Amino acid sequence: MSIHKEERIVLNVGGIKYETYRSTLTAYPDTMLGTMFQERNGSLLHPIKDNEYFFDRNGYVFRFIIEFYRTGKILWEDPITSNNNNSSSSMVTRNELYEEIEYFRIPYDINIDSRRIRFKKRPAEVIDVFVLVLESIIDIALQEWRGDVKIYLYEDMISFKAFFDNEDVSSRQFAGANDFKIFKRMGYKILNSFAKNISEYFKKLISGLQWDCYHFDRQIPQVTLPHYALKISFTTQYSSEILEYTKFYSSLKSLNVEH
C-alpha cells in the first residue's frame, strides 16, 4: 500500500476536527469525500493548512458520517425509541442526520443501528424512483418497437411479471425489470395511492399513450394474491409524426422533394 494512501487527513467540520486516513475515505468512491480525496483530484484540493480541510457543516452530526467510513454503518439510534435518554445520539435529530447524509452523498441503503433497521429514503423520493423505473421500462419497449407493456405488481412482491407484446421479459437483464423488486410491497402501495396521478404524467409525457391500471383482490375468483396489472399501450407513437425527428426526413424537406 502506498504512503500516499496512508496519508492522514484532518477534516475540520464546523470547527470540530476529525482525523482519518485518506484510504478510509476513498474506500467509498461514490461518496463526496471518497471522490474528493481520490489521487486524480489532488490538484482540486484546497487545504486551509497542511492536510486540514474545512467544511462549513454540522460538526456534531459529522461523527456519524466519519463512522460510516470506518464501519460501513450509520451508528445512530433514534432517541425516541432509545431506552438510554443520555445517549450520545440524543443531541442529533433524524432531520439533521438526513441533511448531512445527503450533503456528503452517503448511500441510503445502510443500517442505522445494531437492530439493522434500514435507513429509508423519504416517501417523495421513493415515488420518484418508482416513476423513473417505469420510464426506463417504457423507453426500452419503445426502442424495441413494441406495441404494449404489461406489468404485474403483487402485494407482497414475491412475484413480479413484465411482458412486451405478450412476451415474458421478467427474467431479462435490462434496466428496470428487476428494479421493481427493490420496492417490495411499496410499489403496490404507490399504485394504490397514486395510480391516477402517475397515469396523467405518462400520458402527457408520451403522445398517444394509453394507460390502464386494474386492481385484483381476493374477492375475484382465482386471485390468490392481491395485485395491480398495468397495461401501457403506445402503438400510435409509431405513426408518421415520428418522421419529424429523423435526419433523412429533414433533408427531404430541405430539398423540397415531393413525397
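In the nomenclature of an unreviewed UniProt entry, the chain is known as BTB/POZ protein of Gigaspora rosea.

> Explain the confidence of the model for the chain to me, using residue names and the numbers behind them.
In this model, the chain carries a mean pLDDT of 76, and residues with pLDDT of at least 70 account for 73%. The least confident element of the chain, judged by mean pLDDT, is helix α7 (residues 247-254) at 77; the most confident is strand β2 (residues 16-21) at 95. Within the model, the stretch residues 80-89 combines pLDDT values under 50 with 10 contacts to residues more than four positions away or in other chains. Scored below 50 in pLDDT, residues 109-119 shows 27 contacts in the model against residues more than four places distant or in partner chains.

> Can you explain the sheet that holds β2? Please cite residues and give values.
Taken together, three strands build an open sheet; the order of strands is β2-β1-β3 and the sheet is mixed. Unpaired on one side and paired on the other, β2 and β3 (52-55) mark the two borders of the sheet. Put simply, the sheet's adjacent strands are angled 25° from each other on average, direction ignored. As paired strands, strand β1 (residues 8-13) and β2 are joined by six bridges and run antiparallel to one another. Following the sheet pairing, Asn12 is matched in β2 by Lys17. In the packing of helix α3 (residues 62-71) onto the sheet, the strands contacted are β1 and β2, and the crossing angle to β2 comes to about 5°.

Calculation notes
Residues numbered from 1 in each chain as written. Predicted model: local features only at pLDDT ≥ 70, side-chain atom pairs only at ≥ 80, totals over all residues. Heavy atoms only, no water. pLDDT = per-residue confidence, 0-100. Helix = DSSP H or I, 4+ residues; strand = E, 2+ residues; numbered from the N terminus. Contact = heavy atoms within 4.5 Å. Pairing = 2+ DSSP bridges. Axes fitted to C-alpha atoms, helices over the stretch in contact; angles between N-to-C directions.

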